[in-house]
Amino acid sequence: MSAPHLPQPADIPTLLVKIFGKDRPGITAGLFDTLAAYSVDVVDIEQVVTRGRIVLCALVTEPPAGLEGDLRSTVHSWADSLKMQAEIISGIGDNRPRGLGRSHITVLGHPLTAESTASIAASITATGGNIDRIFRLAKYPVTAVEFAVSGTETEPLRTALALEAAKLGVDVAVVAAGLHRRAQRLVVMDVDSTLIQDEVIELFAAHAGCEDKVAEVTAAAMRGELDFEQSLHARVELLAGLDASVVDKVRSEVRLTPGARTLIRTLKRLGYQVGVVSGGFTQVTDDLQERLGLDFAQANTLEIIDGKLTGKVTGEIVDRAGKARLLRRFAAEAGVPLEQTVAIGDGANDLDMLNAAGLGVAFNAKPVVRQAAHTAVNVPFLDTVLYLLGITREEVEAADTHTD
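Computed from a predicted structure; not experimentally measured.

## Some remarks on the environment of Val75
Here is step 1: Position of Val75 relative to the elements: it lies in helix α2 (residues 68-81).
Here is step 2: Separated by 11 residues in sequence, Val75 and Ala86 place their C-alpha atoms 7.3 Å apart.

Right under this line is the structure:
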């Protein structure tokens, strides 16, 4: 004998109960206490509080025959007693099924204007996407909001929104929805002008009296106009004869990018592994690894003989291709699939790494890098990368109230 057909949420009568007004403790409990008297089942709940005003929506099954009118009257009376408003709408079933293709879109604005929000929403619609939910991730130091979108694939959505973001002057990141977004990941960063505010070779050059010459070569290399390895050797040669004691001086001069400590501390607390790869020098990155508790660090090494810099580097050169290769090596050692990695950088020599990662973030980057990366962040706070991972400012602050 076959089992009897049981009504499914898609084909049963339901009531959408909406409550809105001034927020206060006990509203949610009070509404469901009121509904409990009518033997209804809860199908869905959504609640939002904005500037002290609450909108509470409860989708419930229809009460037993003859009781709907009494339920409506009771709910309205309860709401009136709290000086709130109620609306009850009859219908069939649950929300319509979400379309295939689901993405999370993070929008960063400083400020986030109504014009840019309208343009982003219109672009989502134009790609065939539907906005299922909007949630604020942070209100400072930037405004960050997340759109949950269904009905279109991630890549065309990313392409369309990248073009729109460039016109609007906002930062937009698009990532595929799924469990992997909250899985333990690996984050790998460039160092110069990303993790730190400085170009390390220029700090060394200042002590050698050749800062201007080195800066010219560095700028050309970062724009992609020169081969990195050739430019590295040319710049390092200018440092020949410097006393090795300058290393300690340069380490003391390095300035972390605002938000760098917060980014790394929060990622580590969430179980992420964090590494750096640099076209700079191990004499600085080793120190940063120790100070910041990094899991991985790799850079070039300045040769020092008899207490003097020789003007040469030793070992394997960390260049554009090398950074991508190291990302893959770190991922393998960390046991993290490449699609669950995040890479952050600002220069042309970071591009292979950014494109190899699951999410490549161009941080205050050169135009060629912004155009090629998955997403761009153009505010001076490195911890805004956390919002691209769906981590809220409140979660960051809550983590900081606990000791490691």
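So, next bit.
## A word on the sheet that holds strand β8 (residues 171-176)
Here is step 1: If you trace the 4 strands from one edge of the open sheet to the other, you get β6-β7-β5-β8, paired in antiparallel fashion. The sheet is open, and its two edges are formed by β6 (130-138) and β8, each paired on a single side. In this sheet, adjacent strand axes meet at a mean angle of 20 degrees when their direction is disregarded.
Here is step 2: Sheet topology places strand β5 (residues 102-109) next to β8; 6 bridges connect them, and they run antiparallel. In the strand pairing of β8, Ser103 is matched with Ala176.
Here is step 3: Taken strand by strand, helix α4 (residues 154-168) contacts β5, β7 (143-150) and β8, and its axis lies near 180 degrees from that of β8.

## Quick word on the nonpolar core
Here is step 1: Of all hydrophobic cores here, the largest spans 61 residues; its most connected members are Met189, Leu195, Phe204, Leu239, Phe281, Ile344 and Leu382.
Here is step 2: With 5 residues, helix α5 (residues 200-208) is the single largest residue contributor to this core.
Here is step 3: In this structure, Leu195 is in contact with Met189, Asp190, Leu256, Thr257, Ala260, Ile264, Val276, Leu288, Leu292 and Leu382, ignoring residues within four places of it in sequence.
Here is step 4: Listed in part, the 22 residues of the second largest apolar core include Val336, Met353, Ala362 and Ala376.

## Observations concerning unusual backbone geometry
Most peptide bonds are trans, and most residues other than glycine sit at a negative phi.
Here is step 1: Along the chain, His110 connects to Pro111 via a cis peptide bond; the corresponding omega equals 5 degrees.
Here is step 2: Here Pro111 shows up in the loop between β5 and α3 (114-126).
Here is step 3: The step from Tyr140 to Pro141 runs through a cis peptide bond, and the omega angle for that step is 0 degrees.
Here is step 4: Along the chain, Pro141 turns up in the loop between β6 and β7.
Here is step 5: Phi is positive for Ser193, which is not a glycine, with a value near 65 degrees.
Here is step 6: Position of Ser193 among the secondary structure elements: in the loop between β9 (186-189) and α5.
Here is step 7: Despite not being glycine, Asp306 shows a phi value in the positive range, around 55 degrees.
Here is step 8: Within the fold, Asp306 resides in the loop between β11 (296-305) and β12 (308-314).
Here is step 9: Assessed through its relative accessible area of 74%, Asp306 is described here as exposed.

## Looking at the packing of α3 against α4
Here is step 1: Between α3 and α4, whose axes approach to 10 Å, the crossing angle comes to 160 degrees. With respect to their mutual orientation, α3 and α4 come out roughly antiparallel. Both α3 and α4 take part in a crossing whose hand is right-handed. In contact with Ser116, Ser119, Ile120, Ser123 and Ile124 of α3, α4 contributes Leu157, Leu161, Glu164 and Leu168.
Here is step 2: For the contact of α3 with α4, the residue count by class is 5 nonpolar, 3 polar and 1 charged.

## A word on the packing of aromatic side chains
Here is step 1: The final tally for this structure, using the stated rule, is 2 aromatic pairs.
Here is step 2: With 6.0 Å between their ring centres and 85 degrees between their planes, Phe204 and Phe281 make a pair best called edge-to-face. Note that Phe204 is positioned in helix α5 and Phe281 in strand β10 (residues 273-281), a separation of 77 residues in sequence.
Here is step 3: Residue classification places Phe281 among the buried positions, given a relative accessible area of 2%.

## Quick word on helix α1 (residues 27-36)
Here is step 1: Within the span of α1, buried status applies to Ile27, Gly30, Leu31, Phe32, Thr34 and Leu35.
Here is step 2: Tucked into the core, α1 has its buried residues touching β1 (13-22), β2 (42-50), β3 (53-61) and α2.

## What about the pattern of salt bridges?
Here is step 1: In the structure shown here, the tally under the stated rule is 16 salt bridges.
Here is step 2: Salt-bridge contacts for Glu87 lead to Lys18; the nearest nitrogen and oxygen are separated by 3.5 Å. Taken together, the residues Glu87 in strand β4 (residues 85-92) and Lys18 in strand β1 connect sequence positions 69 residues apart.
Here is step 3: Given the relative accessible area of 32%, Glu87 is considered partly exposed.
Here is step 4: Judged by relative accessible area, which is 23%, Lys18 ranks as partly exposed.
Here is step 5: The closest approach of N and O atoms between Lys167 and Glu164, which form a salt bridge, is 3.4 Å. Linking Lys167 with Glu164, this pair stays in helix α4, spanning 3 residues, or about one helical turn.
Here is step 6: Each of Asp190, Lys323 and Asp350 takes part in a single network of salt bridges with overlapping partners.

Thresholds, definitions, all that
- Residues numbered from 1 in each chain as written.
- Predicted model: local features only at pLDDT ≥ 70, side-chain atom pairs only at ≥ 80, totals over all residues.
- Heavy atoms only, no water.
- Helix = DSSP H or I, 4+ residues; strand = E, 2+ residues; numbered from the N terminus.
- Pairing = 2+ DSSP bridges.
- Axes fitted to C-alpha atoms, helices over the stretch in contact; angles between N-to-C directions.
- Contact = heavy atoms within 4.5 Å.
- Core = buried A, V, L, I, M, F, W, Y, C linked by side-chain atoms within 4.5 Å.
- Buried < 20%, exposed > 50% of the residue type's maximum accessible area, 1.4 Å probe, protein only.
- Parallel < 35°, antiparallel > 145°, perpendicular 65-115°, else oblique.
- Left-handed = near helix turned anticlockwise from the far one by under 90°.
- Nonpolar A, V, L, I, M, F, W, Y, C, P; charged D, E, K, R; others polar.
- Phe/Tyr/Trp six-rings, centres within 6.5 Å; stacked < 30°, edge-to-face > 60°.
- Salt bridge = Lys/Arg side-chain N within 4 Å of Asp/Glu carboxyl O.

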